Amino acid sequence: MVYDSALFSKTIKLKRLIELEIPIRKAATVICISSSTLCRIENGQIPDLLTYAKLCKWLKKDMNVFIKNRK
């Protein structure tokens, strides 16, 4: 299995900037993570499992959406 960090980052940015139109600090507060962590993830860094779960919950997406089977 492969984690798709590009898709995850893009999905987060689109929700924050286009759908909600909120700054990174506001989004981070709502998600209960630091703004620096959210910034790093939006730039492609792989989050730890707890942060990943929080972000998936905020996105209203199943955690498996961003994990692909490698063929």
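Definitions and limits used
- Residues numbered from 1 in each chain as written.
- Predicted model: local features only at pLDDT ≥ 70, side-chain atom pairs only at ≥ 80, totals over all residues.
- Heavy atoms only, no water.
- Helix = DSSP H or I, 4+ residues; strand = E, 2+ residues; numbered from the N terminus.
- Buried < 20%, exposed > 50% of the residue type's maximum accessible area, 1.4 Å probe, protein only.
- Areas by Shrake-Rupley, 256 points an atom, 1.4 Å probe, with all protein chains shown as cover.
- Lys, Arg positive; Asp, Glu negative; His and termini not counted.
- Charge placed at Lys NZ, Arg CZ, Asp CG, Glu CD.
- Patch = residues over 30% accessible without salt bridge, like charges linked within 9 Å, V, L, I, M, F, W, Y side chains within 5 Å.
- Salt bridge = Lys/Arg side-chain N within 4 Å of Asp/Glu carboxyl O.
- Core = buried A, V, L, I, M, F, W, Y, C linked by side-chain atoms within 4.5 Å.
- Contact = heavy atoms within 4.5 Å.
- Axes fitted to C-alpha atoms, helices over the stretch in contact; angles between N-to-C directions.
- Parallel < 35°, antiparallel > 145°, perpendicular 65-115°, else oblique.
- Nonpolar A, V, L, I, M, F, W, Y, C, P; charged D, E, K, R; others polar.

Asks: Even after reading the chapter, I still don't get the overall build of the chain, so can you show me in this structure?
Replies: Secondary structure assignment for the chain yields four helices and two strands. For the chain, the succession of helices and strands along the chain, N to C, is β-α-α-α-α-β. Here the C-alpha coordinates of the chain stretch approximately 40 × 20 × 20 Å along the principal axes. Counting across all 71 residues of the chain, residues that qualify as buried make up 32%. A total accessible area of about 4,900 Å² is found for the chain, and carbon and sulfur atoms account for 57% of it. Computed over 14 positive and 6 negative side-chain charges, the separation of the two mean positions in the chain equals 2 Å.

Asks: What's the story with a nonpolar patch on the surface in this structure? I'm lost.
Replies: There is a patch of nonpolar side chains on the surface, built from L14, L17 and I18 and spanning about 300 Å² of accessible area. Inspection of the secondary structure assignment puts L17 in helix α1 (residues 5-19).

Asks: Could you clarify how one ought to interpret the nonpolar core in this entry?
Replies: Burial of nonpolar side chains together is a common tendency in soluble globular proteins. If you look at the biggest cluster of nonpolar residues, it comprises 15 residues, and the most contacted ones within it are F8, I12, I31, L38, L55 and W58. Among the elements of the structure, α1, α2 (24-31), α3 (35-42) and α4 (49-59) are those that each provide at least two residues to this core. In terms of residue count, α4 provides more of this core than any other element does, five residues in total. In contact with L55, other than residues within four places in its own chain, are F8, I12, I31, I33, L38 and I41.

Asks: Looking at this model, I keep getting lost on the side chain of E42. Mind explaining?
Replies: In this fold, E42 is placed in helix α3. A relative accessible area of 6% means that E42 is categorised as buried. With sequence-adjacent residues up to four places away left out, E42 is seen in contact with S9, I12, K13, R16 and I24.

Asks: Would you take a moment to explain the packing of α1 against α3 for this structure?
Replies: The axes of two packed helices give the description: the angle between them and the distance between them. Where α1 contacts α3, the axes come no closer than 8 Å and their chain directions differ by 120°. With respect to each other, α1 and α3 are oriented oblique. Each of F8, S9, I12, K13 and R16 in α1 lies in contact with α3, whose residues at this interface are L38, I41 and E42. Residue classes in the contact of α1 with α3 are distributed as four nonpolar, one polar and three charged.

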